[in-house]
Amino acid sequence: MAVQPFVSRKQAQQEFFTDERCFIIENHNTPRDDALSVAQARVEPGVATVWHRLRDTDERYVALEGHGFVEVGDDVAVELNPGDVVFIPAGVRQRIINKGSGQLIFLALCTPRFRPENYEALE
């Protein structure tokens, strides 16, 4: 059955803190659109998220605000600035580090959509 057009409206939900050490607002994650989820993440100054990976899910970070570093796989840390996009293939370890003095805010776009059972903490 074909997916019908729809608008996914942001709910008046609260930002929540995760075991990953970041704050999340789920903007779009619905079975009506299994192909994609969109969340806004916020990492406080001086914080590094825990090493983790997503099984069967590719992820993209779109940096919106702040400055930090991202580590993907065994690669060295790469500086992350507003406007940068990071591609993280399914099953590859990752973490993000806020080295700035302000909040590090980015969108996390998952394809297919994020499912909690695909998340694996590595620390």
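Glycine aside, a negative phi is what most residues show, and trans is what most peptide bonds show. Thr-111 connects to Pro-112 through a cis peptide bond whose omega is -10 degrees. With a phi angle near 80 degrees, Arg-21 is a residue other than glycine that sits in the positive phi range. Positionally, Arg-21 belongs in the loop between strand E1 (16-17) and strand E2 (23-28). The backbone phi angle of Asp-56 is positive, close to 60 degrees, even though this residue is not glycine. Take Asp-56: it is sitting in the loop between strand E4 (52-54) and strand E5 (58-65).

What follows is about the pairing of strand E9 (residues 94-98). In terms of burial, E9 is a largely internal element, four of the five residues being buried. Across five bridges, the pairing between strand E6 (residues 68-72) and E9 is antiparallel. Considered in E9, the bridge of Val-72 is made with Gln-94.

In this sheet, strand E10 (residues 104-111) lies alongside strand E3 (residues 37-43) in antiparallel orientation, the contact comprising seven bridges. Note on E10: the bridge partner recorded for Ala-41 is Phe-106. Looking at chain direction, E5 and E10 are connected through seven bridges and run antiparallel. Residue pairing across strands places Val-62 opposite Leu-107, the latter belonging to E10.

As a further point, take the nonpolar core. Counting residues in each nonpolar core, the largest one holds 16 residues, and the members touching the most others are Val-43, Tyr-61, Val-86, Ile-96 and Phe-106. Non-local contacts of Val-43, meaning those with residues more than four positions away in its chain, are made with Cys-22, Thr-49, Ile-96, Asn-98, Gln-103, Leu-104 and Phe-106.

Here is what the cut-offs are and how they apply
- Residues numbered from 1 in each chain as written.
- Predicted model: local features only at pLDDT ≥ 70, side-chain atom pairs only at ≥ 80, totals over all residues.
- Heavy atoms only, no water.
- Helix = DSSP H or I, 4+ residues; strand = E, 2+ residues; numbered from the N terminus.
- Buried < 20%, exposed > 50% of the residue type's maximum accessible area, 1.4 Å probe, protein only.
- Pairing = 2+ DSSP bridges.
- Core = buried A, V, L, I, M, F, W, Y, C linked by side-chain atoms within 4.5 Å.
- Contact = heavy atoms within 4.5 Å.

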